[in-house]
Amino acid sequence: MRGITFDVAHMLAGSLVLVSFMQLYQDRLYALLNIFALHALILAASVAWQAFIQDAPHLYLTAMIALVFKAIVIPVALHRIIVKLGIHREIETAVGVGPAMLLGMGLVALSMVVMLRVTAEADPLAREDLAFALSVVLLGLLMMVTRRNAVSQVIGFMSLENGLVLAATGAKGMPLVVEISVAFSVLIAFIVIGIFLFRIRERFDTVDLQALDRFRGERR
Amino acid sequence: MMVVYALYGVAALLALAPIAIVLGAAPRTQGPVLGVATSVVYGASLIVTLSLCIIALLSLFEYSQSPSLVTLPLGLPWIGAHFRIDALAAFFLVVVNLGGAAASLFALGYGRHEHSPLRVLPFYPAYLAAMNLVVMADDAFSFLVSWEFMSLTSWALVVARHQVRENLRAGYIYLLMASFGTLALLLSFGLLAGPDGHYAFDAMRASHPPAALAALVLLLVLVGAGSKAGVVPLHAWLPLAHPAAPSHVSALMSGVMTKVAVYGFVRIVFDLLGPPDWWWSMVVLGVGGITAVMGVLYALMEHDLKRLLAYHTVENIGIIFIGLGLALAFKAHGMPLAAALALTAGLFHVFNHSVFKSLLFFGAGSVLNATGTRDMEHLGGLIHRMPQTAFVFLVGCVAISALPPLNGFVSEWLTFQAILLSPQLPSWGLKFMVPAVGALLALSAALAAACFVKAFGVSFLGRARTPAAARATETDSNSLAAMYFLAALCLVAGILPGFIIDALAPVTKSLVGFSMPHQAGVEWLSIVPIAESRSSYNGLLVFVFVVLSGSIAAFAIHRLASDKLRRAPAWDCGYPDSSSATQYTASSFAQPIRRVYGTSVFHAREIGEMPPPGATAPARLKVELRDLIWIAAYAPVAAAIDYAAEKLNVLQFLTIRRYLSLVFTALVLLLLVLAIWP
């Protein structure tokens, strides 16, 4: 039992990192959205597995939240936003795919080194989990840095948050209220960002953040 | 129990602030309503500070053995705010509230001349409350909060007359220095609290930090409390900010708030920090000696009455720190009796300075009110127009110049007695240093006397230099009452010092473990600091002698030489022209001293402009002084900060992605550090 629980948890967390990499090289928004939905789906599975092996029923609720909101509601909503904004055909990258992938690998290596050193005494399951979670967070941040389009930055933010949830569920004893509040704050952030997207769009006819910079009279 | 009563008093003061706003902001207030608000606020402050003073006196005399404690559920959750009155706090509460009561009484009259009372009234009682809270605080959090509250309320009072550009600059520099000082105190408390974060003073008292850490705490406290007290070279704000406030607040800032800073120093270094190292006293003594001499030299070069007084505060803080440094030296070498003597001298000077500096600032305020100027070169002859103010100001001058039989002499004499004990110290560094500091102290005392001859002589004697000075009128009765009260206190403390020394006994006992011999039993009200065979001083005897010889001389001159009062032209030394500009001026008085010290200390230069023969332009003599401390210590820092701000300004205008990249890089760098760290 011990072996299989560890392996499955390891596999799910590892796939989350893998999907984060897949997000990095998507240059079309629809594809990016689909990958993000996949990301959330794997997260939900991972959380559910944690709930099962930790015997913590409240984590099923977290998994449900992840599944409903992140894998269904938010991608669908973003999908509609993209259609409304008419940017579904746009291609954008600020940093090329190759360098981004290399950077991402470096980040994963870094988070492994840091986490494995810091949590020397912890439960091996939690150690691996934390290391993967940190990788996911860093990759999400990397995505926010390398993208110019506001929608893809939102997705970067959401996948960063997925990393946080992964870390929270991997560590035993995280109270439910924290997870719910994190999920809720993400929802609020999503709504606010969505509204802002439309406002920006109304005013500047684009959601390319470069336009905002140009408007402020900044050099790039 | 006492501390609870005292806290009620503080609450009453805090409640006065909103009352002042309500009273003052009543619909379209005119003169009479504002007058009522002024009377209510200052009258209530007077009553509350007097009761607080009585509470403090009671706890100093009766409850000194067992400190009175209370914990309020305020401040940090689960920790609360601790307040405590022990002997040290009680003594400083007396100083604070005595000064507060005198200032309130003075302001009952003086405050009526305020142009915009609403800028002063709400902050005044809050300021008094803050100073009380600092002294009573018993944990680092409430101490720092009260300390910062004190800084902020006094800042508001400094910029009360914000129309004057100079005041705004003074307020700005004051705010900077105050935050800097609080930062240093915060760090020192952080070190004292240790890794476990015991912020209550009880826990700090129980744990003694290792030597290196304790030395760091000492230096931080010296910077933090010293910047508030006005220790050179952290004094720069003091002569700017103290005179900028209304005069009764100047008196509080100079006479009382600097003492609260001294309290902070004594509380941390003597009480919380544990046994001192011998070299600490060298630092404190050196700082004290330099502060005393530099303060008085600055004062001599100054012709603005209130700024002159502010510089003298710097000097007196130096004297107090010399006393404290000696106490540290003796304490470190296990000479508790001598330590008690030095600490008594320092604390006695704390009391004395608060009394006569308040008195002098009140006098300066009355002069400012009557003439509209603080520049001594525009005054003169005020003794005819304001005889009572002149008299009490003279008493203050004599007291601050440390002339017997007034109180300033007693505390400086006690300090010298402690200095004379220094040959018994075992360490050679101190053996050499203490006499040198004693020489500095003597120099500063002599220069202070010269300076007050200048201040009194030029402002009050001679003839009026301007029409404004010629039209001056005596100040009101409330102000005079406050000044007479303080003048009487100067005299009483000077001729009966034994009682104050005895009152300080519990304080020194709790801080250095010993107290000076009991003075009440000594015959003829003398004081004997160490032993009768060594030295004793009888203020009463000196007073009687001064009064008798003075009256006999006056009688002899008036009755035997010429039996009537004669009025002769003043300063008529061969000048047929009776213009008042031919009088001896403040700068001419200071010139010899400027010639001696000015070139080295101030880079003073005299530039004479002589017009060519035949030209009708007047000849001019200009004096240029440069504040070397400002140039060396403040200007480079200001320039560096300006430069850095200019360069970092770019960060305010980055694109969103660049900000994200900054966050990202910072995170990755920190993680890298974590990964590489051995």
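Remember, it's a predicted structure, so these values are computed and weren't measured experimentally.

### Here's the deal with the overall build of chain A
For step 1, the next point in the chain: Broken down by element type, chain A carries eight helices and zero strands.
For step 2, the next point in the chain: When its helices and strands are written in sequence order, chain A yields α-α-α-α-α-α-α-α.
For step 3, the next point in the chain: Counting the 220 residues in chain A, one finds 39% classified as buried.
For step 4, the next point in the chain: Contacts in chain A between residues far apart in sequence, at least 24 positions, make up 70% of those at least 6 positions apart.

### Notes on the overall build of chain B
For step 1, the next point in the chain: A tally of regular secondary structure across chain B gives 24 helices and four strands.
For step 2, the next point in the chain: Computed over its C-alpha atoms, the radius of gyration of chain B comes to 26 Å, within 12% of the 26 Å expected for a compact globule of 678 residues.
For step 3, the next point in the chain: Overall size of chain B, expressed as C-alpha extent along the three principal axes, is 95 × 70 × 60 Å.
For step 4, the next point in the chain: Buried positions account for 51% of the 678 residues belonging to chain B.

### Remarks on the packing of helix H3 (residues 87-110) of chain B against helix H13 (residues 336-371) of chain B
Residue and element names in this part refer to chain B.
For step 1, the next point in the chain: Relative orientation of the contacting elements H3 and H13 amounts to 10°, with a least axis distance of 10 Å. Accordingly, the angle class assigned to the pair H3 and H13 is roughly parallel. Across the interface between the two elements, Phe91, Val95, Leu98, Gly99, Ala102, Ala103, Phe106 and Tyr110 of H3 pack against Leu347, Val350, Phe351, Ser354, Ser358, Phe362, Gly365 and Asn369 of H13.
For step 2, the next point in the chain: Of the residues contributing to the contact of H3 with H13, the split by class is 11 nonpolar, five polar and no charged.

### Considering the domain arrangement of chain B
For step 1, the next point in the chain: Examined at the domain level, chain B breaks down into domain 1 (593-611 + 618-626) and domain 2 (631-676).
For step 2, the next point in the chain: In this structure, domain 1 of chain B and domain 2 of chain B have C-alpha centres spaced 45 Å apart.

### Describing H3 of chain B
For step 1, the next point in the chain: With 24 residues, H3 of chain B should reach 34 Å at 1.5 Å per residue; the first-to-last C-alpha distance of 34 Å fits that figure.
For step 2, the next point in the chain: Within H3 of chain B, 24 of the 24 residues are buried, which leaves it mostly tucked inside the rest of the structure.

### A closer look at the environment of arginine 465 of chain B
Residues and elements named next belong to chain B.
For step 1, the next point in the chain: Locating arginine 465 in the fold gives a position in the loop between helix H17 (428-460) and helix H18 (467-470).
For step 2, the next point in the chain: With 23 C-beta atoms counted inside 10 Å, the residue arginine 465 sits in the buried group.
For step 3, the next point in the chain: Each C-alpha atom of the pair arginine 465 and alanine 581 lies 6.4 Å from the other, and the pair is 116 residues apart in sequence.
For step 4, the next point in the chain: Not counting the four nearest positions on each side in its chain, arginine 465 is found in contact with Glu377, His378, Leu379, Gly380, Ser580, Ala581 and Gln583.

### Comments concerning the packing of helix H16 (residues 407-420) of chain B against helix H19 (residues 477-495) of chain B
Residue and element names in this part refer to chain B.
For step 1, the next point in the chain: Closest axis-to-axis distance for the H16/H19 pair is 7 Å, and the angle between their directions is 40°. Classified by the interaxial angle, the pair formed by H16 and H19 is oblique. Taking contact as the criterion, the partners of Asn407, Phe409 and Val410 in H16 are, on H19, Cys490, Ala493 and Gly494.
For step 2, the next point in the chain: The class makeup of the residues in the contact of H16 with H19 is four nonpolar, two polar and no charged.

### Details of the nonpolar core
Nonpolar side chains tend toward joint burial in soluble globular proteins.
For step 1, the next point in the chain: In this structure, Phe91, Leu93, Met131 and Cys490 of chain B are the most contacted members of the largest nonpolar core, which totals 222 residues.
For step 2, the next point in the chain: Per-element tally for this core: the top contributor is H13 of chain B, with 21 residues.
For step 3, the next point in the chain: Other than its neighbours up to four places away in sequence, leucine 93 of chain B contacts Ala6, Leu52, Ala56, Ile85, Asn132 and Val135 of chain B.
For step 4, the next point in the chain: Among the nonpolar cores identified, the runner-up in size contains 58 residues, and Ala40, Ala131, Leu138 and Leu141 of chain A belong to it.

### Some words on the environment of alanine 77 of chain A
For step 1, the next point in the chain: Along the chain, alanine 77 of chain A turns up in helix H3 (residues 58-85).
For step 2, the next point in the chain: Taking the C-alpha atoms as reference points, alanine 77 of chain A and glycine 194 of chain A, separated by 117 residues in sequence, lie 9.1 Å from one another.

### Examining unusual backbone geometry
A negative phi angle is the norm for most residues apart from glycine, just as the trans form is the norm for most peptide bonds.
Residues and elements named next belong to chain B.
For step 1, the next point in the chain: That bond from valine 232 to proline 233 is cis: its omega, 5°, falls within 30 degrees of zero.
For step 2, the next point in the chain: Tracing the backbone through its elements, the reader meets proline 233 in the loop between helix H8 (211-229) and helix H9 (238-244).
For step 3, the next point in the chain: The linkage connecting proline 404 with the following residue, proline 405, adopts the cis geometry, with an omega of 10°.
For step 4, the next point in the chain: Among the secondary structure elements, proline 405 is positioned in the loop between helix H15 (387-400) and H16.
For step 5, the next point in the chain: A positive phi angle, close to 50°, is found at histidine 603, a residue other than glycine.
For step 6, the next point in the chain: Residue placement: histidine 603 occurs in the loop between helix H22 (586-601) and strand S3 (605-609).
For step 7, the next point in the chain: Overall, the presence of 13 C-beta atoms within 10 Å leaves histidine 603 in the partly exposed class.

### Observations regarding the environment of serine 39 of chain B
Residue and element names in this part refer to chain B.
For step 1, the next point in the chain: Here serine 39 shows up in helix H2 (residues 31-61).
For step 2, the next point in the chain: Exposure remark for serine 39: the 16 C-beta atoms within 10 Å place this residue in the partly exposed category.
For step 3, the next point in the chain: Measuring from C-alpha to C-alpha, the distance between serine 39 and valine 283 comes to 46 Å, with 244 residues separating the pair along the chain.

The rules behind the values
Residues numbered from 1 in each chain as written. Chains lettered and ligands numbered in written order. Predicted model: local features only at pLDDT ≥ 70, side-chain atom pairs only at ≥ 80, totals over all residues. Helix = DSSP H or I, 4+ residues; strand = E, 2+ residues; numbered from the N terminus. Buried ≥ 20, exposed ≤ 12 C-beta atoms within 10 Å, placed from the backbone. Contact = placed C-beta atoms within 7 Å. Rg over C-alpha atoms; globule rule 2.2 N^0.38 Å. Axes fitted to C-alpha atoms, helices over the stretch in contact; angles between N-to-C directions. Parallel < 35°, antiparallel > 145°, perpendicular 65-115°, else oblique. Nonpolar A, V, L, I, M, F, W, Y, C, P; charged D, E, K, R; others polar. Domains from an automatic or database assignment. Expected span 1.5 Å × (residues − 1). Core = buried A, V, L, I, M, F, W, Y, C linked by C-beta atoms within 7 Å.

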